[in-house]
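A structural walkthrough
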Amino acid sequence: MPNYVPSPDEVAAAQTPNGGWSKKQLAEWGIPWPPPKDWRAYLKAKWEGKDVDPLPRDEPDQDALF
């Protein structure tokens, strides 16, 4: 996971004209794709120096693949 944590202003400035964030940009911040709920609050808390749990990753159930 990247050590750099963007400020809330940097997160807002990186928003695309369509109102989202690119997969590449989120990956640079350590956010999985698709971004989980509350990922911006997670980054803000980390930027403020709070101890936060890792974000959940939305991975497919392996049983569905067989």
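This text gives an overview of the structure that appears in the document.

What counts and how
Residues numbered from 1 in each chain as written. Predicted model: local features only at pLDDT ≥ 70, side-chain atom pairs only at ≥ 80, totals over all residues. Heavy atoms only, no water. Helix = DSSP H or I, 4+ residues; strand = E, 2+ residues; numbered from the N terminus. Buried < 20%, exposed > 50% of the residue type's maximum accessible area, 1.4 Å probe, protein only. Contact = heavy atoms within 4.5 Å. Areas by Shrake-Rupley, 256 points an atom, 1.4 Å probe, with all protein chains shown as cover. Core = buried A, V, L, I, M, F, W, Y, C linked by side-chain atoms within 4.5 Å. Arc of directions from axis to C-beta.

**Examining the overall build of the protein chain**
A tally of helices and strands in the protein chain yields three helices and zero strands. Residue burial in the protein chain is summarised as follows: out of 66 residues, 24% are buried. Long-range pairs, those at least 24 residues apart, make up 41% of the contacts in the protein chain with a sequence separation of at least 6. Put simply, the protein chain shows about 5200 Å² of open surface, and 50% of that area lies on carbon and sulfur atoms.

**Observations concerning the nonpolar core**
Ranked by size, the top nonpolar core spans ten residues in total: Val5, Val11, Trp21, Leu26, Trp29, Ile31, Trp39, Tyr42, Leu43 and Leu55. No other element matches the three residues that helix α3 (residues 39-47) contributes to this core. Once you skip the residues sitting within four places of it in the chain, Leu26 turns out to touch Trp21, Ile31, Trp33, Pro35 and Trp39.

**A word on α3**
Of the positions making up α3, those classed as buried are Trp39, Tyr42, Leu43 and Ala45. On an axial view of α3, the arc spanned by its buried residues comes to 160°, and they lie on one face. Residues of α3 that are buried in the fold lie against α1 (8-13) and α2 (23-28).

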